[in-house]
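# Remarks on the overall topology
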Amino acid sequence: MIYDLIVVGGGPAGLAAAIAAHEKGLEKILIVERDKELGGILNQCIHNGFGLHYFKEELTGPEYASRFIDMLDGTGIEVMTDTMVLEVTTDKEVHCINPEKGYQILNAKSIVLAMGCRERTRGAISIPGTRPAGILTAGAAQRYVNIEGHMVGKRVVILGSGDIGLIMARRMTLEGAKVLACVELMPYSGGLQRNIVQCLNDFDIPLYLSHTITDIRGKNRVEGVTIAKVGPDRKPIAGTEIDFDCDTVLLSVGLIPENELTRTAGIDIDAASNGVAVYENMESSAEGIFACGNVVHVHDLVDYVTGESQKAGRAAAEYVKLGERSRKNHISVKEGEGVGFIVPSKIHREAMDAEIYFRPRKIFGTSAITVKEGDRVLVHVKRAHMAPGEMERVRLTRALLDAVMSDEITVSAEEVEE
């Protein structure tokens, strides 16, 4: 059998893409998921705050996932769980293996990559000290506590202030642990402002900005850590050390798009985001292979993952029905001053519109986002506040795209006077 669409990943991105493709008329759709059930990371995110934008109500992670899982009923979309994808090829073959059917090679007319992301570990950041038990990523701790029912520690220090780390500070506190500190290398938090307030401030958990862990002590189990203030060069400043007696260190030091399959297939990766490089319709450099969700860039809200993934699903359906768009005439989108990374990196000339996502490089007060073609301003919009922990979006209309005469535009962010 040749599927119209194979979706790799059954989390929020894959579910939204598959359902959108079905609504656009595709009939033979398969979702391949390596876990034993659909839902992805949302299954362990039992806190609320999901769905405010998409469903206009506050849901927990499992509730949000279940809304889309329920939408599969009656669609005829096939689901293959407990199945590991080993390889994806540009010929649209999906090599996978599961306990029941063994090794399979599945063929598709289009593919959506929705593998999500993974956490950086201790090995990626080189913390000095011994290597005892009790050092976990925040996501691993979240799974242990919320799904496995296993408490990971009693006295906790969290390194990094990404959203998972902030949420686990609250979760550990609610389960009876003492969270001694949240330590952040940068001079600003990497998480949403609402999580800083609800997870740290509301529980009187101190946040040490411009600090890092300089030593971990312990033989069999963590016994303590030392943190120190860092300078502009991010190196520890002597004499600023603070010691904490703790039995657990949780790492919330960044997420990395899960792109081993993408790289093996020879599909282009964006150097700034480490995600799949995509056009405005979420198509990758490989014809008929699309990508969405955290495999493209790490999102702040799952609601935005849903919208982006629906776009990928609809584009996959359009590709199957109408064939490949011309790739010769496109506009490249480049990062300017104050911008960390941009999605998409290319826009088809014939696109009806394009939504550009980016993360600011630093905290801005009253500021402006500017889209330029050379020195000519196409878009100039003001913001009251911008921070790296929150995505920014700018929409380019068909009229604006028609006004671009060259093959490149630049997006920048800067502070402005009120």
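Right, let's walk through the structure included here. Quick caveat: nothing in here was measured; it's all calculated off a predicted structure.

### Description of the sheet that holds strand β8 (residues 93-98)
Spatial strand order, β1-β9-β8-β7: four strands in an open sheet with mixed pairing. A single partner strand is all that each edge strand has here, and the edge strands are β1 (2-3) and β7 (84-88). Bridging between β7 and β8 involves four bridges; their strand directions are antiparallel. Paired with Glu-87 across the bridge in β8 is His-95.

### Some words on the packing of helix α5 (residues 163-174) against helix α6 (residues 193-200)
Orientation of α5 relative to α6, taken along the N-to-C sense of each, is 20°, at an axis distance of 8 Å. When the axis of α5 is compared with that of α6, the two are roughly parallel. Crossing angle aside, the handedness with which α5 passes α6 is left-handed. Residues Asp-163, Leu-166, Ile-167, Ala-169 and Arg-170 of α5 lie in contact with α6, whose contacting residues are Asn-195, Ile-196, Gln-198, Cys-199 and Leu-200.

### A look at the environment of Gly-323
Mapped onto the fold, Gly-323 is located in the loop between α8 (302-322) and β22 (330-335). Classification of Gly-323 as partly exposed rests on a relative accessible area of 32%. Sequence spacing of Gly-323 and Glu-287 is 36 residues, and the spatial spacing of their C-alpha atoms is 9.4 Å.

### What about the packing of aromatic side chains?
Enumeration over the complete set of coordinates arrives at seven aromatic pairs. Ring centres of Phe-290 and Tyr-319 lie 6.3 Å apart, and the angle between their planes is 70°; on these two criteria the pair is classed as edge-to-face. Placement of Phe-290 in strand β21 (residues 289-291) and of Tyr-319 in helix α8 is noted, with a sequence separation of 29 residues between them. Accessibility expressed as a relative area gives 1% for Phe-290, which makes it buried. Ring pairs connect the aromatic residues Tyr-54, Phe-55, Tyr-64 and Phe-68, which therefore count as one cluster.

### Overview of the sheet that holds strand β17 (residues 224-229)
Strand order in the open sheet formed by three strands is β16-β17-β18, and the pairing between neighbours is antiparallel. This sheet does not close on itself; its edge strands, each paired only once, are β16 (211-217) and β18 (242-245). Ignoring strand direction, the axes of neighbouring strands in this sheet form an average angle of 25°. Note that β16 and β17 share six bridges and pair antiparallel.

### Side note on the nonpolar core
Judged by nonpolar contacts, the single largest core of 64 residues is most densely connected at Val-88 and Leu-113. Not counting residues up to four positions away in its chain, the partners in contact with Val-88 are Val-8, Glu-93, Val-94, Ile-111, Leu-113, Leu-261, Ala-265 and Ile-289.

### Comments concerning the packing of helix α1 (residues 12-23) against α8
Look at α1 against α8: their axes get within 7 Å of each other, and the N-to-C directions meet at 40°. With respect to each other, α1 and α8 are oriented oblique. Classified by chirality, the crossing of α8 by α1 is right-handed. Two secondary-structure elements touch here, α1 through Pro-12, Ala-13, Ala-16, Ala-17, Ala-20 and Ala-21 and α8 through Val-302, Val-305, Thr-306, Ser-309, Gln-310, Gly-313, Arg-314 and Ala-317. Its residues assigned to classes, the contact of α1 with α8 comprises nine nonpolar, four polar and one charged.

### Looking at unusual backbone geometry
For residues that are not glycine, phi is negative in most cases, and the peptide bond is trans in most cases. Look at the link from Val-343 to Pro-344: it is a cis peptide, with omega at 5°. Note that Pro-344 resides in the loop between β23 (339-343) and β24 (346-348). Phi angles above zero are rare outside glycine, and Asp-204 is one such case at about 55°. Note on placement: Asp-204 falls in the loop between α6 and β15 (207-208). Positive phi is not limited to glycine here, since Ser-210 has a value of about 55°. Mapped onto the fold, Ser-210 is located in the loop between β15 and β16.

### Quick notes on the pattern of salt bridges
Any two side chains of opposite charge can pair if their charged atoms end up close together. One pass over the full model with this rule turns up 13 salt bridges. One salt bridge connects Arg-118 with Glu-258, and the closest N-O pair in it is separated by 3.1 Å. Highlighted residues: Arg-118 in strand β11 (residues 117-119) and Glu-258 in the loop between β20 (255-257) and α7 (260-264), separated in sequence by 140 residues. For Arg-118, a relative accessible area of 32% corresponds to the partly exposed category. The exposure class of Glu-258 is buried, given its relative accessible area of 16%. Note that Glu-175 and Arg-171 form a salt bridge whose closest N and O atoms lie 2.9 Å from each other. Residue Glu-175 is classed as partly exposed on the basis of its relative accessible area of 40%.

Rules behind the numbers
Residues numbered from 1 in each chain as written. Predicted model: local features only at pLDDT ≥ 70, side-chain atom pairs only at ≥ 80, totals over all residues. Heavy atoms only, no water. Pairing = 2+ DSSP bridges. Helix = DSSP H or I, 4+ residues; strand = E, 2+ residues; numbered from the N terminus. Axes fitted to C-alpha atoms, helices over the stretch in contact; angles between N-to-C directions. Parallel < 35°, antiparallel > 145°, perpendicular 65-115°, else oblique. Left-handed = near helix turned anticlockwise from the far one by under 90°. Contact = heavy atoms within 4.5 Å. Buried < 20%, exposed > 50% of the residue type's maximum accessible area, 1.4 Å probe, protein only. Phe/Tyr/Trp six-rings, centres within 6.5 Å; stacked < 30°, edge-to-face > 60°. Core = buried A, V, L, I, M, F, W, Y, C linked by side-chain atoms within 4.5 Å. Nonpolar A, V, L, I, M, F, W, Y, C, P; charged D, E, K, R; others polar. Salt bridge = Lys/Arg side-chain N within 4 Å of Asp/Glu carboxyl O.

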